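Chain by chain, the residues run as shown.
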Amino acid sequence: PGSFHSLSVARGAKDSSRMAFGSGSGSGSKAGLLVALVSATALLHVCAALQPLAQGIANLGDLLEEELGNPVRAALGGLSPADGYAGLNLELLSDAPKHGAACLDGSPPGYYYRPGSGSGASSFLLFVDGGGWCYDEDACFERSFTILGSSSAWPPYKPASLMFPMVSADPAVNPFHNWNIVELAYCDGASFSGDLDGSVVVKGKPLYFRGRKILSYILRHLRVTKGLQDADRVLLAGCSAGALASILNADSIASSLAPKTDFKVIPFSGFFPRATTFSGVPWFEGVVRNVARMQNVSASLSPRCVANQSPGKEWECLFAEKAYEYVASPIFLVNSVFDSWTIQNIYNVTAEFPRSQADQLVPFLNQRASHVWDLISRSGTWQRRGNGGFLNACVTHCWGCCEASGWAKVTDARGKTVKETVEDWYFHSGGDNREDQRSPKPCQLSDDPPYNCNPTCPTAA
């Protein structure tokens, strides 16, 4: 799951209608106005999710080289005094494929890095990029030609201008500003969970489903070269598909660290519910089952979760709601109960929504939002002392981590921002005050425009 699907990069043509937003469908109707809200905020959340991917500069080196020559490309390859060394340098792990860790197309994986300093020199923020899944072999073949399936066009440097709040070097923006910042680049197509030996040949091209090995190799490289083995604190975070990766891999990563290391997890917009479309089709269930089989994700699933499933149903532990239930590490969940990716894809509420059912749309979305709230709030993980969460009613995706207003302006039902609650939970609470670290139930959409019940949420123009 991830908002990159809105660009139709990782979807088959048969699914393209889920994102086929247009101005004509539902115009002047209640359904049309609400879909317009989802559509407008979709454009915003795409921008938010693409910031950590830095898609805007994916081919910057090639472009500048073509226009200005190789010296410009070389200049982009190192930390830049021009932006105060606030950007991130690419660590491309060229020998990783020899050890089985490779992107979809077989190219080497890697991560972006900025060293910590001062009080943050021994602390690490590991942020896992999002970018959706590829649902079948043909979609993975297409994806292997993009930055989400190949490292061949990854820029060697991400400047400060592309830093989203969670990895910003600005102390006024980011409480983790002086930590070792590690942005795990995403190129495996299944939330760093695949572990298939060999390759799958599609249209003459071998594809590699090696997300689990990529994650393992990156962590090994960080231990050997960046001091992760001596870390005092490690915070694992991620957006969308990267958030799901952080939920799936939290406890295994925790077990790989030194006993002294304080380890916590903050997933952003990764809680994708097991639900049907508006018309009752179990589309998402089929997606999860197929990805689990195709990529062989079994080794990435919680052993406790797997042990509690019926024979043949172990793949269900790939669902966020199942994986979250079994996370033992301290975790702070940031999510909207009206997540826009979920609305458009899992619920299939798009511009094609029938006008004849307009009066059912708001009640449907409110019922689904209540269901998501129940899945989260009734979980033992949510209720466990030391855990927390920020749940809101904005029709957005990855807004909390990756857009300035989502990080520091949007509030929950208590009037607190993501930045405030994350900072309080991580640095000040000690996990002792249960009520203060968990958002109350978010409000529900209104029956009339502008629909948003939270005035701090982005709205359609």
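This structure is a prediction, so every number in the text was calculated from the model and none was measured.

Observations concerning the overall build of the protein
Part 1 of the reasoning: The helix and strand tally for the protein stands at 15 helices and 11 strands.
Part 2 of the reasoning: The buried share of the protein, taken over its 461 residues, is 57%.
Part 3 of the reasoning: Excluding contacts between residues fewer than 6 apart, the proportion of contacts in the protein whose partners are at least 24 apart in sequence is 78%.
Part 4 of the reasoning: In the structure as shown, the protein presents an accessible area of about 16,900 Å², 51% of it carried by carbon and sulfur atoms.

What about the state of the cysteines?
Part 1 of the reasoning: Enumeration over the complete set of coordinates arrives at 7 disulfides.
Part 2 of the reasoning: Residue C443 pairs covalently with C453 via a disulfide, S to S 2.0 Å. One disulfide, between C443 and C453, carries an S-S torsion of 80 degrees and so falls in the right-handed class. Of this pair, C443 sits in the segment after α15 (418-428) while C453 sits in the segment after α15; the two residues are 10 residues apart in sequence, bridging distant segments of the chain.
Part 3 of the reasoning: For C453, a relative accessible area of 26% puts it in the partly exposed group.

Quick word on the pattern of salt bridges
Part 1 of the reasoning: Per the stated rule, a full pass over the model turns up 13 salt bridges.
Part 2 of the reasoning: Here K260 ties to D232 by a salt bridge, and the two come within 3.4 Å at their closest N and O atoms. In this pair, K260 sits in the loop between α6 (241-256) and β9 (262-268) while D232 sits in the loop between α5 (211-225) and β8 (233-239), placing the two residues 28 residues apart along the sequence.
Part 3 of the reasoning: K260 sits in the exposed class, given a relative accessible area of 52%.
Part 4 of the reasoning: Under the relative-accessibility criterion, D232 is labelled partly exposed at 38%.
Part 5 of the reasoning: Where D374 meets R378, a salt bridge forms, and the shortest distance between an N and an O atom there is 3.7 Å.
Part 6 of the reasoning: Take D374: its relative accessible area is 25%, and that puts it in the partly exposed class.
Part 7 of the reasoning: A relative accessible area of 63% places R378 in the exposed class.
Part 8 of the reasoning: Connected through salt bridges with shared partners, the residues R274, E285, R289, K313 and E316 form a single ionic network.

Topic: α5
Part 1 of the reasoning: End to end, α5 covers 21 Å across 15 residues, agreeing with the expected 21 Å (1.5 Å per residue, within 8%).
Part 2 of the reasoning: For α5, every residue scored as buried is listed here: G211, I214, L215, Y217, I218, L219, H221 and L222.
Part 3 of the reasoning: Buried-residue contacts for α5 involve β1 (88-92), β2 (110-114), β3 (123-128), β5 (180-184) and α6.
Part 4 of the reasoning: Positive phi appears at G227, one or two residues downstream of α5, with a value of about 90 degrees.

What about the pairing of β1?
Part 1 of the reasoning: By the bridge criterion, 2 bridges tie β1 to strand β4 (residues 157-158) in an arrangement that is antiparallel. Counterpart to L88 in the pairing with β4 is K158.

Calculation criteria
- Numbering of residues starts from 1 in each chain and follows the order in which that chain's sequence is written.
- Since the coordinates come from a predicted model, pLDDT governs what is reported: local features require at least 70, and pairs of side-chain atoms require 80 or more to be given and counted, while whole-chain, interface and lining totals use all residues.
- With hydrogens and water stripped out, all remaining heavy atoms of the structure feed into the side-chain values.
- Where helices and strands are cited, they refer to DSSP runs of H or I of at least four residues and of E of at least two residues respectively, numbered from the N terminus.
- Partly exposed describes any residue whose relative accessible area lies between the buried limit of under 20% and the exposed limit of over 50%, with all areas from a 1.4 Å probe on protein chains only and scaled to the type maximum.
- Here, residues are in contact when the closest pair of their heavy atoms is within 4.5 Å.
- Computed by Shrake-Rupley with a 1.4 Å probe, the accessible areas treat only the displayed protein chains as cover when residues are assessed.
- Counting rule for disulfides: a pair of cysteine sulfur atoms within 2.5 Å.
- We define a salt bridge as a contact between a side-chain nitrogen of Lys or Arg and a carboxyl oxygen of Asp or Glu at a distance within 4 Å.
- Helix span is expected to be 1.5 Å times the residue number reduced by one.
- DSSP calls a pair of strands paired once it identifies at least 2 bridges connecting them.

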